[in-house]
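Here are the chains, one letter per residue:
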Amino acid sequence: MRSLLTKIKEIFVPNKSIPKNACFFCKRKMPDLRNYRNEANKRIKVCYQCVEYAERRAYRK
Ligand SMILES: [Zn+2]
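All residue numbers refer to position in the chain's written sequence, counted from 1. With pLDDT at 70 or above as the cut-off, local features in this predicted model cover only qualifying residues; side-chain atom pairs require 80 or more to be listed or tallied, and sums for whole chains, interfaces and linings still use all residues.

Further remarks concern the overall build of the chain. Secondary structure summary: the chain contains 2 helices and 2 strands in total. If you list the helices and strands of the chain from N to C, you get α-β-β-α. Here a residue counts as buried when 20 or more other C-beta atoms sit within 10 Å of its C-beta, as exposed when there are 12 or fewer, and as partly exposed otherwise, the C-beta atoms being derived from the backbone. Counting over 61 residues, the chain shows a buried share of 10%. Considering only residue pairs separated by 6 or more positions, the chain has 18% of its internal contacts joining residues 24 or more positions apart. Helix numbers and strand numbers start at the N terminus; a helix is a DSSP run of H or I with at least 4 residues, a strand a run of E with at least 2. With C-beta atoms placed from the backbone, a contact is any residue pair whose C-beta atoms sit within 7 Å.

Written as structure tokens, this is what we have:
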């Protein structure tokens, strides 16, 4: 079981465990990432394998 402090950290820093050059969907580090914007207009990186998924979600480039 995770400690309460860990849970609090996750709430305030949700992307801490995700590497900067990792795909938004599969969280894998990929060399060819494309920039998209999600529904919250936040910049995300999507790998070529997840681009189709991003397009389906109507994420903009
Ligand atoms: Zn991906």
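Having seen it, we continue.
This part covers unusual backbone geometry. With phi around 65 degrees, K27 is a residue other than glycine that occupies positive phi space. With respect to the helices and strands, K27 occurs in the loop between α1 (4-12) and β1 (33-37). Taking the C-beta count within 10 Å as the criterion, K27 has 11 such neighbours and is therefore assigned exposed.

Right, let's talk about the pairing of β1 for a bit. Each regular strand displays side chains that alternate between the two surfaces of the sheet. Direction of pairing for β1 relative to strand β2 (residues 43-47): antiparallel, over a ladder of 5 bridges. Across the sheet, Y36 pairs through a bridge with I44, a residue of β2. The antiparallel pairing of β1 with β2 creates a hairpin that spans 5 residues between the two strands, and N41 there sits at a positive phi of about 60 degrees. Pairing between strands is defined by DSSP: at least two bridges between the two strands are required.

Purely geometric numbers; function is a separate question.
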